[in-house]
Each structure stands twice: as structure tokens, then as C-alpha cells.
Amino acid sequence: MSTPAWAVRTEALTKVFRLGVRGRRMTAVHRVDLAIEPGEIVGFLGANGAGKTTIFKMLTGLVAPTSGEVWIMGRALGTRASASPIGFLPESGCYHEFLSAEEFLRFTGTLCGMSGSRCAARIDELLELVGLTEVRQIRLRAFSKGMLQRIGIAQALINDPPLVILDEPMSGLDPIGRKQMRELILGLKAAGKTVLFSSHIVPDVELLCDRVTMLVQGSVVATGRVHDLLHPRAHESFELVIEGLHEDGLFHVQPLVSRLVHRGHHVMATVQGDSQVERVLDVIRSAKARLVSLMPQQRSLEELFVPVGHESVEVPR
Ligand SMILES: Nc1ncnc2c1ncn2[C@@H]1O[C@H](COP(=O)(O)OP(=O)(O)OP(=O)(O)O)[C@@H](O)[C@H]1O
Ligand SMILES: [Mg+2]
């Protein structure tokens, strides 16, 4: 079978929920267009309620779109062939707690139509991959949150699907578990899989993703390669640490900077643009103060993600 141009493609994907007895309409996802290439890792960022889970549920066929189109691996959603290529880790998986880890994976494999011997070999492989080999006979009832998350990953990968959708895969994992999850996602990419995942942990998204889609109240507000999203303003802003800048110098620096924070004997100044930096340096020289450091400010995804007005305020010390 030839590789489709898009692993996931949506056009104006929309979900409107009706709430309460009066049927108030709530748009959870608004006209989202996705075009995800095979083999990409795409991170979905967005605050609580932004619509990430609803999009994933529409892609997996668990929630019916109100309007719009979805194609998975080149086939329209709803056709039999479109369902099988997706492995899905739900956000809050409710698993059969009376089954052992091994029994649960066998059950999932059977649902995917896997033969007994293929399933047995895959279960061994996956339990090893997610670090649950030792507890394979233990019932899920006795599993911790992080262990349930790991078994959830294993079930998503049972039939080696080309497209893996992970709704908050890092949730509930300790730092070691998070590192293992990052390695696992990169391993999936190395194996040629397409991975979509949501997270609130911006550095994880920045580290793992080829592309990022940012959602605010159901709409995509930014999408693109991590590098392209970060690049446009890179090096436009600089942070200068200055020592020995007294009252007169401060008076002249103040109008040239966008932010000024006092830290003991130092002043930290944020300056926009090369020419302003030159002016601040002139003031430092004539005030006989000392430049301790000058750092270009790299824009982070966090800055893009946290809307203006929600920034933490720095209190001068
Ligand atoms: N079954 C439902 N019925 C009514 N409203 C729903 C339903 N599912 C989700 N919503 C609403 O849709 C919006 C988007 O929810 P969704 O779960 O997709 O957000 P999310 O980005 O995954 O958030 P989180 O980061 O908290 O997981 C929210 O306002 C939510 O209340
Ligand atoms: Mg969610």
C-alpha cells in the first residue's frame, strides 16, 4: 500500500455540545484544519477545556463531529479501514480492574483481531517496553496511577498501529517515567509512526515535537514547526545585568528598557532591539557602571502559550 500524503487531515472540524435541559450550545472545537504528515510528532497545547481531548475523540471516532471532515491515513473517517490504524491512549482510561496486566493486553489484542501467538509475543515486548514485566500477573485494581498510564500506553500499541494518539501521556508519571515516555515517543518516531499527543508540559512538547498546534477555546491560534514558531522574535529581545547603576544612571536607562528588576547590587534590564541596547550601553559607560552580562532572549513556547495578562509578575527585591 502506498503511503498517504497525510496521516491525519481535517477540514473545518467542529464540535458543538448541547448542555443542560435547555440545550445551550457550547462550541468545544471550532473549524480546525489539520494536515499531519506520516512520521511526524505533533504536540497539541492548550489550557484546560481548550478542546484537545474532543479533537482526539473525533479523530478516533469516539465522538461524532458536528460538522467538518476527517481523513485518517487517506481514508474518510467512519470507514472500517480508517479505525484500525489508530492506537489511542485516552486521557482518563477506565480499564477492567479485575484483569491482570497480561490478561488486559490479551483482551485488547483479541479485540484488534490478533492471533494468539502474535499477541503473546507482542505482550512480552510491550510489558518490557513500559516496564511492567514484573507485575504482569497483578490485577489492574492494584495498579498505581503511573502504572495504569503505562498499561494504557501498552494497549495503545498492541497491534503496532502506524498512527498513535496519546492524550496527556505524561500525566501521572514520575520524572523517570516522563523521561521513559519521551524516549518511547521518540522510539515510535524512529520506527516511522505518526504520533499526536497533548500535554500541558511545554518543555516536553518543545523537546519532542516536529510541529505544535496551539488551541484556545476550541480554535487553533498557532500551528507550525517548533523552530518557526520560536524564530521570528528570537534575538529581538535582550536581557542585560548591570552592576553599580546608581540613581542618575537609572534615570537615563528607565525610558530605554521594557522591564527593570532590582536584584541586590544588580539591575536586570530587558531591552528590545539592537539600537536600544547600544543606547543602554552608552548610559552604562557614562555612568561608570559595569555590564555583567548581555543575553539574547530566546522566545519559548511557554511565552506563546501563556496569554498576555497571565504572565507571572516579578517582584523587585
Ligand atoms: N461530553 C461533553 N458534553 C459537554 N461538554 C463537553 C463534553 N466533552 C467536553 N466538553 C466541553 O468541551 C470543552 C473542551 O473540552 P476538552 O475535554 O476537549 O478540553 P481539553 O483541551 O482536553 O482540556 P484538558 O486539558 O482539561 O484535558 C470543555 O469546555 C468541556 O467542558
Ligand atoms: Mg483533555
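Within every chain, residues take consecutive numbers counted from 1 along the sequence as written. To read the labels, note that chains go from A and ligands from 1, taken in the order they are written. Where local features are concerned, this predicted model is filtered to residues with pLDDT of at least 70; where side-chain atom pairs are given and counted, the filter is 80 or more; whole-chain, interface and lining totals use all residues.

1. Focus: the overall build of the protein chain
Consideration 1: In DSSP terms, a helix is any run of H or I states spanning at least four residues, a strand is any run of E spanning at least two, and both are numbered starting from the N terminus. Assigned secondary structure in the protein chain consists of 11 helices and 14 strands.
Consideration 2: Here a residue counts as buried when 20 or more other C-beta atoms fall within 10 Å of its C-beta, as exposed when 12 or fewer do, and as partly exposed in between; the C-beta atoms come from the backbone. Looking at the protein chain residue by residue over its 317 residues, the buried ones come to 32%.
Consideration 3: In the protein chain, 68% of the contacts between residues at least 6 apart in sequence involve partners at least 24 apart. Throughout, a residue-residue contact means that the two C-beta atoms, derived from backbone geometry, are no farther apart than 7 Å.

2. Some details on the nonpolar core
Consideration 1: Note on definitions: a nonpolar core is a set of buried residues drawn from Ala, Val, Leu, Ile, Met, Phe, Trp, Tyr and Cys, linked by C-beta atoms within 7 Å. Core analysis: the biggest nonpolar cluster contains 59 residues, and Ala154 and Ile165 have the highest contact counts within it.
Consideration 2: Not counting chain neighbours up to four residues away, the residues in contact with Ile165 comprise Phe56, Leu59, Thr60, Ile86, Phe88 and Leu196.
Consideration 3: Counting 11 residues, the second largest nonpolar core, distinct from the first, contains Ile242, Leu245, Ala269 and Val271.

3. Some points on the site of ligand 1
Consideration 1: Near ligand 1 lie 13 residues; those nearest to it are Phe17, Ala28, Asn48, Thr53 and Thr54.
Consideration 2: Taken together, the elements giving at least two residues each to the shell around ligand 1 come down to strand S1 (8–19), strand S2 (24–36) and helix H1 (52–59).
Consideration 3: For the shell around ligand 1, the element with the most residues is H1, which contributes 3 residues.
Consideration 4: Classification used: nonpolar for Ala, Val, Leu, Ile, Met, Phe, Trp, Tyr, Cys and Pro, charged for Asp, Glu, Lys and Arg, polar for all others including Gly. A per-class count over the shell around ligand 1 returns 5 nonpolar, 6 polar and 2 charged. In this text, near has one meaning. A residue is near a molecule or strand if its C-beta atom, placed using the backbone, is within 6 Å of it.

4. Some thoughts on helix H6 (residues 175–190)
Since one α-helical turn is 3.6 residues long, residues separated by three or four positions face the same way.
Consideration 1: In this analysis, the expected span of each helix is defined as 1.5 Å times one less than the number of residues it contains. Over its 16 residues, H6 runs 23 Å from end to end, which matches the ideal 22 Å to within 8%, given 1.5 Å per residue.
Consideration 2: Residues Met181, Ile185 and Leu188 constitute the buried set of H6. Down the axis of H6, the smallest arc covering the buried residues is 55°, so these residues share one side. Of the residues in H6, the exposed ones pointing more than 90 degrees away from the buried face are Pro175, Ile176, Glu183, Gly187 and Ala190.
Consideration 3: Elements in contact with the buried residues of H6: strand S3 (41–46), strand S7 (163–167), strand S8 (194–198) and helix H7 (202–208).
Consideration 4: Looking one or two residues past H6, Gly192 carries a phi angle of roughly 90°, positive in sign. To be clear, the arc concerns the directions from the helix axis to the C-beta atoms.

5. Here we look at the pairing of strand S11 (residues 237–243)
Consideration 1: Pairing of S11 with strand S13 (residues 266–272), which is carried by 7 bridges, proceeds in the antiparallel orientation. Looking across to S13, one finds that Val241 is bridged to Met268.
Consideration 2: Two strands form a pair only when DSSP identifies at least two bridges running between them. Of the strand pairs in this sheet, S11 and strand S14 (residues 290–297) are connected by 7 bridges, and their pairing is antiparallel. Among the inter-strand pairings, Glu239 is bridged to a residue of S14, identified as Met295.

6. Here we look at unusual backbone geometry
Consideration 1: Phi is positive for Glu168, close to 55°, though the residue is something other than glycine.
Consideration 2: Although it is not a glycine, Lys288 adopts a positive phi angle of roughly 55°.
Consideration 3: Within the secondary structure, Lys288 is located in the loop between helix H10 (274–286) and S14.
Consideration 4: For Lys288, a count of 10 C-beta atoms within 10 Å translates into the label exposed.

7. Regarding the sheet that holds S1
Consideration 1: Spatial ordering of the open sheet is given by S2-S1-S4-S5, a layout of 4 strands whose pairing is antiparallel. Where the open sheet ends on each side, the last strands, each with one partner, are S2 and strand S5 (75–76).
Consideration 2: Taken together, the 9 bridges between S1 and S2 define a ladder with antiparallel strand orientation. Looking across to S2, one finds that Arg9 is bridged to Ala35.
Consideration 3: Across the sheet, H1 touches S1, S2 and strand S4 (67–72), and the angle it forms with S1 is around 115°. Fitted lines through C-alpha atoms serve as axes, helices being fitted only where they are in contact, and the angles separating the N-to-C directions of these axes extend from 0 to 180 degrees.

8. Observations concerning the sheet that holds strand S6 (residues 86–89)
Consideration 1: The 6 strands lie next to each other as S6-S7-S8-S3-S9-S10, forming an open sheet whose pairing is mixed. In the strand order of this sheet, the two ends are held by S6 and strand S10 (219–225), each with one partner. Sheet twist, expressed as the mean angle between neighbouring strand axes with direction ignored, is 15°.
Consideration 2: Strand direction decides the pairing type here: S7 and S8, joined by 5 bridges, are parallel. Across the sheet, Leu166 pairs through a bridge with Phe197, a residue of S8.
Consideration 3: Packed onto the sheet, H1 meets S3, S7, S8 and strand S9 (211–216) and runs at close to 150° relative to S7.
Consideration 4: Sitting on the sheet, H6 is in contact with S3, S7 and S8, with an inclination near 150° to S8.

9. Observations concerning the environment of Ala142
Consideration 1: Here Ala142 shows up in the loop between helix H4 (116–129) and helix H5 (145–156).
Consideration 2: On a C-alpha basis, the gap between Ala142 and Glu97 in space is 8.0 Å, while along the polypeptide they are 45 residues apart.

10. Points about the confidence of the model for the protein chain
Consideration 1: What pLDDT reports is the predictor's confidence in each residue, on a scale of 0 through 100. On average, residues of the protein chain carry a pLDDT of 86, and 89% of them reach 70 or more.
Consideration 2: Element-level pLDDT for the protein chain is lowest in helix H2 (residues 80–83), with a mean of 56, against a maximum mean of 96 in H1.
Consideration 3: A low-confidence stretch, residues 307–317 stays under pLDDT 50, and its non-local contacts, those more than four residues away or across chains, total 6 contacts.

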